[in-house]
Amino acid sequence: GLNLSTNMAVMRLFGATPQPVTAFLLSALMAGVTGLVEETTFRGQLIPAFSNAFGGDDVMTGAVLSTLLFALLHTNPLSLIRGQGEALLDNWVLLFLQIINGGFFAYLYLTTGNLAVAIIAHALYDLYTFYKTHMVDVAGQMQYARTIMESQRPTAGEQKWTQQRGAEFVRGVK
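A quick note: this is a predicted structure, and the numbers were derived from the prediction, not measured. (Residues numbered from 1 in each chain as written. Predicted model: local features only at pLDDT ≥ 70, side-chain atom pairs only at ≥ 80, totals over all residues. Heavy atoms only, no water.)

J.: Sorry, what's going on with the overall build of the chain here?
T.: Helix and strand counts for the chain stand at eight helices and zero strands. Along its sequence from the N terminus, the chain presents helices and strands in the succession α-α-α-α-α-α-α-α. At 22 Å, the chain has a C-alpha radius of gyration far larger than the 16 Å of a compact globule built from 174 residues. Dimensions of the chain, computed from the C-alpha atoms along their principal axes, are close to 75 × 40 × 20 Å. The burial tally for the chain puts 31% of its 174 residues in the buried class. Residue pairs in contact within the chain that sit at least 24 positions apart in sequence constitute 65% of those at least 6 positions apart. Carbon and sulfur atoms form 66% of the exposed surface of the chain, whose accessible area is close to 10800 Å². (Helix = DSSP H or I, 4+ residues; strand = E, 2+ residues; numbered from the N terminus. Rg over C-alpha atoms; globule rule 2.2 N^0.38 Å. Buried < 20%, exposed > 50% of the residue type's maximum accessible area, 1.4 Å probe, protein only. Contact = heavy atoms within 4.5 Å. Areas by Shrake-Rupley, 256 points an atom, 1.4 Å probe, with all protein chains shown as cover.)

J.: Just to check I follow, could you spell out the packing of aromatic side chains for this structure?
T.: Aromatic rings considered in pairs are described by the distance between their centres and by the relative angle of their planes. Taken as a whole and assessed by the stated rule, the structure comprises seven aromatic pairs. Ring plane angle 85° and centroid distance 6.0 Å describe the contact between F24 and Y131, whose orientation is recorded as edge-to-face. Of this pair, F24 sits in helix α2 (residues 20–54) while Y131 sits in helix α6 (residues 115–151), placing them 107 residues apart in sequence. By relative accessible area, F24 is classed as partly exposed at 41%. (Phe/Tyr/Trp six-rings, centres within 6.5 Å; stacked < 30°, edge-to-face > 60°.)

J.: So what exactly am I meant to see when it comes to the confidence of the model for the chain here?
T.: Averaged over every residue, the pLDDT of the chain is 87; the share at 70 or more is 93%. For the chain, per-element mean pLDDT is lowest for helix α8 (residues 167–173), which scores 77, and highest for helix α3 (residues 59–73), which scores 97. (pLDDT = per-residue confidence, 0-100.)

J.: Would you take a moment to explain helix α5 (residues 85–112) for this structure?
T.: In an α-helix, one full turn covers 3.6 residues, which means residues spaced three or four apart are oriented alike. Here α5 is 28 residues long and its end C-alpha atoms lie 41 Å apart, about the 40 Å a rise of 1.5 Å per residue gives. Just beyond α5, the residue with positive phi is G113, at close to 70°. (Expected span 1.5 Å × (residues − 1).)

J.: What should I look at first to understand unusual backbone geometry in this one?
T.: A negative phi holds for most residues other than glycine; trans holds for most peptide bonds. The residue D57 is not glycine, and still its phi comes out positive at about 70°. Checked against the element boundaries, D57 lands in the loop between α2 and α3.

J.: Please explain a nonpolar patch on the surface as it appears in this structure.
T.: The grouping of F54, V59, M60, V64, L65, L68 and L110 at the surface amounts to a nonpolar patch, some 600 Å² of accessible area in total. Tracing the chain through its elements places L65 in helix α3. Residue L65 is classed as partly exposed on the basis of its relative accessible area of 30%. (Patch = residues over 30% accessible without salt bridge, like charges linked within 9 Å, V, L, I, M, F, W, Y side chains within 5 Å. Salt bridge = Lys/Arg side-chain N within 4 Å of Asp/Glu carboxyl O.)

J.: Sorry if this is basic, but what is going on with the pattern of salt bridges here?
T.: Between side chains of opposite charge, a pair can form when the charged atoms approach closely. Overall, the coordinates contain one salt bridge when judged by the stated rule. With its nearest N and O atoms 2.8 Å apart, the salt bridge here joins R43 to E39. With R43 and E39 both in helix α2 and four residues apart, the pair spans about one turn of that helix.

As structure tokens, then:
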């Protein structure tokens, strides 16, 4: 996936097997808190602060600067500078995606004048991202890998270890 850190965090939280109810409940909690904190910070606080400090009260300056900071903090900034190959490309794509996301949340806030709209949109986006990452990207791929591994014939090494340590040991190692 584009964001390995999200995949790893979701793997640690939910494990490698699908847990739809637990994943949904925890995803909803995390998404709600994240949406509230990030929108209050980036849109509610930083747009006015950046507008005053750098834009002569121009709200668009504040929106652009807060969006760029939001996007940068959702990537690995060091990888943007020193990354190589596919990891570098993935990080630049992620930066662009986060500029779009942050810009959309800023647009919602500025056009409605209501921070709650941006908070709800952000929370729904994160709920989808966390839940999909668990059910499809992490658990789905792990389940697929287990199916492939189980359908293959045991190797000579596996047969040897099965005889010496038992089938349960070999399954645990896989």
